[in-house]
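An overview of the molecular structure
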Amino acid sequence: MSEIAVRKPVLERPQSSGPRPCGEDAGLHGVDRPGVAWDWMRQTGQAPSGADWVRPQVAEAWARCIDEHALTPGVELAPRLREADAPAMEATISPAAAHLAEAAYDLRALLGDAEVALLLTDPDATLIQFFDHGLEMSAGWPMTRVGADWSEAAIGNTGVGAACLLREPAAFDGKEHFNRALHRFATAGCPILGPDGRICAIIGLISARRDSARLMLGCLKIARRVMEASLFEHLVSDGYLLRLRASAFGDPGGRYAAGGRVFVAADGRIQGVDRIGRELLEAAAAGALIGEDVGAAIGVELSALKAASDDARAVPVKGRGARLLIADVHRAPRRDASSAAASSAGCGAELAELRACDAEWRDGVLETALRKASGLQERNIPILITGESGVGKDHLVRRLHAIGPRKDRPLVAINCAAIPRELIESELFGYEGGSFTGARAKGKPGKFVEADKGILFLDEIGDMAADLQATLLRVLDSSEVVPIGSSKPIRVDVRVVAATNRSLPEMVQKGTFRRDLYYRLNGVQLWLPPLRERPDRLRLLAHLFRIEQEQLGVAEAHSFADEVWRVFLQHPWPGNIREARNVLRSSIAVARERIIRIEDLPVDFMQELNVDSRRQLDASLLGEHRLEESGETSLDLSDWEARAVRFALASSNGNIAKAARSLGITRATLYHKMARYGLQSDRRIISKR
Ligand SMILES: Nc1ncnc2c1ncn2[C@@H]1O[C@H](COP(=O)(O)OP(=O)(O)OP(=O)(O)O)[C@@H](O)[C@H]1O
């Protein structure tokens, strides 16, 4: 982090300096004070020094932006990618940050549809992770790219940049941001401390509700507690865990009620202290107490702590003046060295190491989703799986079926987008023999009946016609279907899992998806992240690579050149895992040597990447933002899918069957997607109508 002198707030505003209400805001109640102050700053080039126009924290931050960071007021600042010549970003983040990235994933799932984006940066404010599900902030926004520089010096004050600089939680509403580009948002950030008291990451939230900074800050402080506890448990091993409590006398306000923890290695040296432990022991600086002998630090030797019997564990120790602390000693379990290495490998290590540990890697995203889904299945809670096209929604359902209690019963999948509108009712509910022209004489049972005692998977549920939504809801509520041409209801016992890559809450708001059906299907929502947002995406790619090699039966194992890994790391993968598997498969098929190089990557992939030479590639990796260049500055999730479809059509020269194959979807689904995105194909021109 750059060394910047942190200015103390200036509360006085000299009469001569500072904005005056002007324009249409003048004289009105509820003047947009930060807005007026910001305009004044833009015009004068100075930060207001008084506290009556903006909060002191804001005046301070703006003053830093002008004086220390030499930023120009009034402009839109876009971040550069930091990772200029370093190896791939993922290979440089610390094991602690990698663990937090996984914890952030769980947290993101908890936020559900709260319409906030969650991000994680390293201690220098370089973006490691960005989840915009819910807020659906443009995936093409440069600040959302892994490697983007979120420091105050780069993009002006944000909750994240200020938290990084000041080492404390910070938050800003709309026009409290120096950077005009951030006026649409509120931002909040909170440093996460590792067991040594040093910052190992900053967690942040962004909301399009411009007045939500303080609310988000409250959420982050809770999240910080959870994340720091999880990190502590993850990093310490093989030694003694001391639990510290303040006595009621020493903690009248209950501030330390949760207790603090100190981790002591077998040799008696302190290896970690959590936030409350640090406060109780009055550790001043980050890193203080670490490496110290526990006897010297808390006034009680480890042997005395160990010797304390169960009912005599109240051992007074030093700290917080005369207050009495009680220490419990627990032998922390020894963590398996290989699993510790596996979890940290690939983060602080070089790419080569990353690839070497591939065999031990496990797909945490899939496993977490499976774990949650199996519990829900047993309790008959409907599951809605969301995520972009190709992230593995279908794959998840198949795995879920294979491991669940209904594995010996059918899994019946129905693609609501691919079945013609007029057939879907008979497909779902079946029909009696001869009930309509063209019907089979014996009739047909329908998917609900076929799935009886098993699982019915309603894929692409967001594409179901409105009138059918009502019928589906009725069936789900009653668990009975009435085949076409019959009046006899049939009772069915099905577990329903639905999936979509569309935003159902948005469709509900627009009135194109029934609210009651949404609630009926959305017992619990499982969101699968896009490949570009996964912190473990390189390891997932390495894993998929191995699968493809096995399936192709290649005798000699291939590997990728580092330049290819870098491309993979930066590529936005609009077609997600499906696209990745196609790229990997065709690279293996065409490679002439064991090392796969850029030239071996499929042509359409390179076109998509918009680089055809190493030089251009480097330029793109150094921060030339292709989406910005192409004017596509605000892509949302469906834009990514539209891009994937367009590229598949373009690279198959308009051949629908070939394009559908390369996307791994049926022709009917492709036609449907083309209609949705207004694309047509005349075998030469792929255009937007
Ligand atoms: N975790 C995974 N491991 C290995 N392969 C995977 C994984 N997830 C998905 N795939 C593969 O990626 C391809 C796309 O997956 P899938 O069809 O499940 O995506 P989807 O999200 O259902 O896409 P869509 O919304 O377009 O239907 C499939 O070939 C699938 O086998």
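The structure displayed is predicted, hence computed values, not measured ones.

**Some remarks on the overall build of the protein**
The helix and strand inventory of the protein stands at 27 helices and 20 strands. Relative to its full complement of 689 residues, the protein shows a buried share of 44%. In the protein, of all internal contacts separated by at least 6 residues, the share reaching a separation of at least 24 is 67%.

**Quick notes on the packing of helix α12 (residues 364-378) against helix α13 (residues 393-403)**
Angle between the axes and distance between the axes are the two parameters that describe a pair of packed helices. One way to put it is that α12 packs onto α13 with a least axis distance of 10 Å and a crossing angle of 55°. By the criterion of interaxial angle, the relationship of α12 to α13 is oblique. Where α12 crosses over α13, the handedness of that crossing is right-handed. Residues Leu366, Ala369, Leu370, Ala373, Ser374 and Gln377 of α12 touch α13, and the partners they reach there are Leu396, Arg399, Leu400 and Ile403. Of the residues in the contact of α12 with α13, the class split is seven nonpolar, two polar and one charged.

**So, the site of the ligand**
With respect to spatial proximity, 18 residues lie near the ligand, and among them Ser389, Gly392, Lys393, Asp394 and His395 are the closest. Within the shell around the ligand, the residues separate by chemical class into five nonpolar, seven polar and six charged. Summarising the domain contributions, the shell around the ligand has at least three residues from each of domain 3 (364-527) and domain 4 (536-688).

**A few points about the sheet that holds strand β11 (residues 411-415)**
Spatially, five strands are ordered β11-β12-β15-β10-β16 in an open sheet, and the strand pairing comes out parallel. In this open sheet, the two strands that pair with only one neighbour each are β11 and β16 (524-527). Averaged over neighbouring strand pairs, the angle between their axes works out to 20° when direction is ignored. Pairing analysis gives five bridges linking β11 to strand β12 (residues 455-459), with the strands arranged parallel. Bridging across to β12, Leu411 finds its partner in Ile455.

**Observations concerning helix α1 (residues 33-44)**
One turn of an α-helix holds 3.6 residues; hence residues three or four places apart share an orientation. Taking 1.5 Å per residue, twelve residues should reach 16 Å; α1 reaches 16 Å between its end C-alpha atoms and fits that length. Regarding α1, the residues found buried are Pro34, Val36, Ala37, Trp38, Trp40 and Met41. Just downstream of α1, Gly45 is the residue with a positive phi angle, here 75°.

**Quick look at the sheet that holds strand β2 (residues 127-131)**
Pairing in this open sheet of five strands is antiparallel, and the strands run β2-β1-β5-β4-β3 from one edge to the other. The open sheet is flanked by β2 and β3 (170-172), the only strands paired with a single partner. The average angle at which neighbouring strand axes cross in this sheet is 15°, direction not considered. Bridging between strand β1 (residues 116-121) and β2 involves four bridges; their strand directions are antiparallel. Bridge pairing in β2 places Thr121 opposite Leu127. Its contacts with the sheet put helix α6 (residues 213-235) on β1, β3, β4 (186-193) and β5 (199-207), and the angle it makes with β4 is roughly 20°.

**Regarding the packing of helix α19 (residues 537-552) against helix α21 (residues 576-590)**
The contact between α19 and α21 brings their axes to 9 Å, and the two run at 50°. Taken together, α19 and α21 sit at an angle that is classed as oblique. The crossing of α19 and α21 is right-handed. Taken together, the residues of α21 that come into contact with α19 (itself represented by Leu541, Leu544, Phe545, Glu548, Gln549 and Leu552) are Ile577, Ala580, Arg581, Leu584, Arg585, Ile588 and Ala589. When grouped by side-chain class, the residues that make up the contact of α19 with α21 number nine nonpolar, one polar and three charged.

**Side note on the pairing of β5**
Here β5 lies mainly inside the structure; eight of its nine residues are buried. Examined bridge by bridge, β1 and β5 share six bridges and lie antiparallel to one another. Each bridged residue has a counterpart across the sheet, and for Leu120 the counterpart in β5 is Ile203. With eight bridges connecting them, β4 and β5 associate as antiparallel partners. Note on β5: the bridge partner recorded for Gly189 is Gly204.

**Topic: the environment of Ser207**
On the secondary structure map, Ser207 appears in strand β5. Through-space distance from the C-alpha of Ser207 to that of Val116 is 4.7 Å; in sequence the pair is 91 residues apart.

**Description of the pairing of strand β15 (residues 495-500)**
For β15, the buried fraction is high: six of the six residues fall into the buried class. The pairing of β12 with β15 spans four bridges and is parallel. Paired with Phe457 across the bridge in β15 is Val497.

**So, unusual backbone geometry**
Even without a glycine there, the phi angle at Ala70 is positive, about 55°. A positive phi angle is found at Lys453, which is not glycine, with a value near 70°. Within the fold, Lys453 resides in the loop between α15 (447-450) and β12.

**Let's talk about the environment of Leu370**
Note on placement: Leu370 falls in helix α12. Judged by the 18 C-beta atoms lying within 10 Å of it, Leu370 falls in the partly exposed class. C-alpha separation for the pair Leu370 and Arg399, spaced 29 residues apart in sequence, amounts to 7.7 Å. With sequence-adjacent residues up to four places away left out, Leu370 is seen in contact with Leu396, Arg399, Leu400 and Ile403.

**What to know about the nonpolar core**
If you look at the biggest cluster of nonpolar residues, it comprises 92 residues, and the most contacted ones within it are Leu100, Ile192, Ile202, Ile203 and Met216. The element contributing the most residues to this core is α6, with nine residues. When residues are assigned to domains, this core turns out to be shared by domain 1 (89-234) and domain 2 (238-334), each giving three or more. Among all residues touching Met216, those that are not within four sequence positions of it are Val116, Ala171, Ala186, Ala188, Leu205 and Ser207. Counting residues in each nonpolar core, the second largest holds 59 residues, with Ile419, Leu538, Val564 and Val567 among its members.

**Focus on the confidence of the model for the protein**
In regions of low pLDDT, the predicted coordinates are not meant to be interpreted in detail. Per-residue confidence for the protein averages 75 on the pLDDT scale, and 73% of its residues sit at or above 70. At the level of individual helices and strands, the protein shows its lowest average pLDDT in helix α24 (residues 626-629), which scores 33, and its highest in β3, which scores 96. Of the regions scoring below 50 in pLDDT, residues 336-358 engages in 39 contacts with residues more than four places distant in sequence or in other chains. For the stretch residues 611-637, pLDDT sits under 50, and the model shows 42 contacts to residues farther than four places along the chain or on other chains. Our summary of model confidence lists the complex with pTM equal to 0.51 and ipTM equal to 0.99.

Rules behind the numbers
- Residues numbered from 1 in each chain as written.
- Predicted model: local features only at pLDDT ≥ 70, side-chain atom pairs only at ≥ 80, totals over all residues.
- Helix = DSSP H or I, 4+ residues; strand = E, 2+ residues; numbered from the N terminus.
- Buried ≥ 20, exposed ≤ 12 C-beta atoms within 10 Å, placed from the backbone.
- Contact = placed C-beta atoms within 7 Å.
- Axes fitted to C-alpha atoms, helices over the stretch in contact; angles between N-to-C directions.
- Parallel < 35°, antiparallel > 145°, perpendicular 65-115°, else oblique.
- Left-handed = near helix turned anticlockwise from the far one by under 90°.
- Nonpolar A, V, L, I, M, F, W, Y, C, P; charged D, E, K, R; others polar.
- Near = placed C-beta within 6 Å.
- Domains from an automatic or database assignment.
- Pairing = 2+ DSSP bridges.
- Expected span 1.5 Å × (residues − 1).
- Core = buried A, V, L, I, M, F, W, Y, C linked by C-beta atoms within 7 Å.
- pLDDT = per-residue confidence, 0-100.

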